[in-house]
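# Architecture at a glance
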Amino acid sequence: MFLTHLECPRCRATHPADRQQNLCPCGSPLLARYDLAAVAAAVTPDTIRTRPANLWRYGELLPVEDPANAPTLGEGWTPLTAATRYGRRIGVRRLMVKDEGLLPTGSFKARGAAVGVARARELGVTHVAMPTNGNAGAAWATYAARAGLRSTIAMPLGAPLITRQECLAAGADLRLVDGLISDAGKQIAALLAEDATIFDASTLKEPYRVEGKKTMGLEIVEQLGWRVPDVIIYPTGGGVGLIGIAKAIAELRALGWIGEKHPRLVAVQSSGCAPIVRAFAAGESRAQPWIDAHTVAFGITVPSPIGDELILDAVRASGGTALAVDDDELLRDLRDFAHDEGLLLCPEGAAGLTAARKLHTTGWLSAEDEVVVLNTGAGLKYPDLL
Ligand SMILES: Cc1ncc(COP(=O)(O)O)c(C=O)c1O
Ligand SMILES: [Zn+2]
């Protein structure tokens, strides 16, 4: 394993990676650091190319001692599909969708869960707990079951029904909360205060989920032939996927596997819950909590993301932007896309399409830009919405 330590991006303190860790004492999430010179000496893109089509092909850049022993369900290597007909409809000719709906549990959350649970088990964790907007809970409950760990999941009543059922099927201790993910977080905090044997696996409060999500960025680059697109559009709730993609690009540059070009990262939120967009527009480095959050794109209903600084940094450093879209627009784009391309996106992914359409209208995207939209989950998980 090439993981060396954990680093705080805010106060720059370093922490050992060989024990269970949550936030830095300064309150910031911690990020995993690797001996990248040793990685570059140990492996090349040509070697990786020959490996099985799952996220463990990037083992040298993952925080797991024994990937062969990870609780895998075949996660990773989702298709990056050209969406030519829909692209023509919105004037973005070189549009591609990376379809994370094909992963186990039907969302990209499987990546973070597979890697996070694998590392937690290596560090002696036997019971994980977390608040969720649904998909992450379903994924963590599933991978915890696969790994022989217990799980406690707190979820808003409004989360997609199937994600509750997935948790129960996997044997999780499920707590339903009449409120938002922030209220679910309070339930988990109370539970953790009572029982020190339970590990806090909340978004960015444990450092390894983001490493799993990083593989979305690694795959996009490899699937394009070890180069980056012009723009990557990501539906942002907690922002872990966006932070992970930015981290992937930074590590690939440090390894010398890609050039200096950086994709412009776009954080899409719903106009019913847009704390990052508001902070971006105001030039702030932190986001204020969003009051009365509400959107059909339930996965991105995160009123107060703990990774706000990291998200805003990543978007700004990439030359990207943040924008909010309305529910009725994203639902129309979801329908148009299914009609044009034969692929049913989740509402969060469809928000990315609306963002591409609007950014082209304003001229921020040119007709020549190569654009990747992350479809973070399967449309089939939202039968009521459809
Ligand atoms: C389908 C879907 N898309 C996007 C997100 C947002 O994820 P992130 O925390 O990486 O911003 C979620 C989170 O629940 C989700 O379920
Ligand atoms: Zn710190």
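Details of the structure are given in the entry above.
Being a predicted model, the structure only gives us computed values, none of them experimental.

The next thing to look at is the packing of aromatic side chains. In the structure shown here, the tally under the stated rule is three aromatic pairs. Seen from their ring centres, Tyr86 and Phe337 are 5.2 Å apart, and the 65 degrees between their planes marks the pair as edge-to-face. You can see Tyr86 sitting in helix α3 (residues 84-90) and its partner Phe337 sitting in helix α12 (residues 327-341), a full 251 residues away along the chain. For the residue pair Tyr86 and Phe337, the accessibility class agrees, reading buried in each case. The cationic tip of Arg119 hangs over the ring face of Tyr208; the distance from NZ or CZ to the ring centre is 5.6 Å. Directly above the ring of Trp364 sits Arg264, whose terminal nitrogen or CZ lies 4.5 Å from the centroid.

The next subject is the site of ligand 1. As a structural note, the neighbourhood of ligand 1 is formed by 17 residues, with Lys109, Tyr234, Gly237, Gly239 and Thr376 the closest of them. Asn135 is positioned such that a nitrogen or oxygen atom in its side chain is 2.9 Å from an oxygen atom of ligand 1. Between Tyr234 and ligand 1, the recorded distance is 2.5 Å, taken from a side-chain N or O atom to an oxygen atom. Its free accessible area being 400 Å², ligand 1 has 97% of it covered by the protein chains. Elements with a contribution of two residues or more to the shell around ligand 1: β10 (231-235) and α9 (240-255). Taken together, the residues of the shell around ligand 1 break down into six nonpolar, eight polar and three charged.

Rules behind the numbers
- Residues numbered from 1 in each chain as written.
- Chains lettered and ligands numbered in written order.
- Predicted model: local features only at pLDDT ≥ 70, side-chain atom pairs only at ≥ 80, totals over all residues.
- Heavy atoms only, no water.
- Phe/Tyr/Trp six-rings, centres within 6.5 Å; stacked < 30°, edge-to-face > 60°.
- Helix = DSSP H or I, 4+ residues; strand = E, 2+ residues; numbered from the N terminus.
- Buried < 20%, exposed > 50% of the residue type's maximum accessible area, 1.4 Å probe, protein only.
- Lys NZ or Arg CZ within 6 Å of the ring centre and 35° of its normal.
- Near = heavy atom within 4 Å.
- Polar contact = N/O pair within 3.5 Å; in protein donor to acceptor, adjacent residues only side chain to side chain.
- Areas by Shrake-Rupley, 256 points an atom, 1.4 Å probe, with all protein chains shown as cover.
- Nonpolar A, V, L, I, M, F, W, Y, C, P; charged D, E, K, R; others polar.

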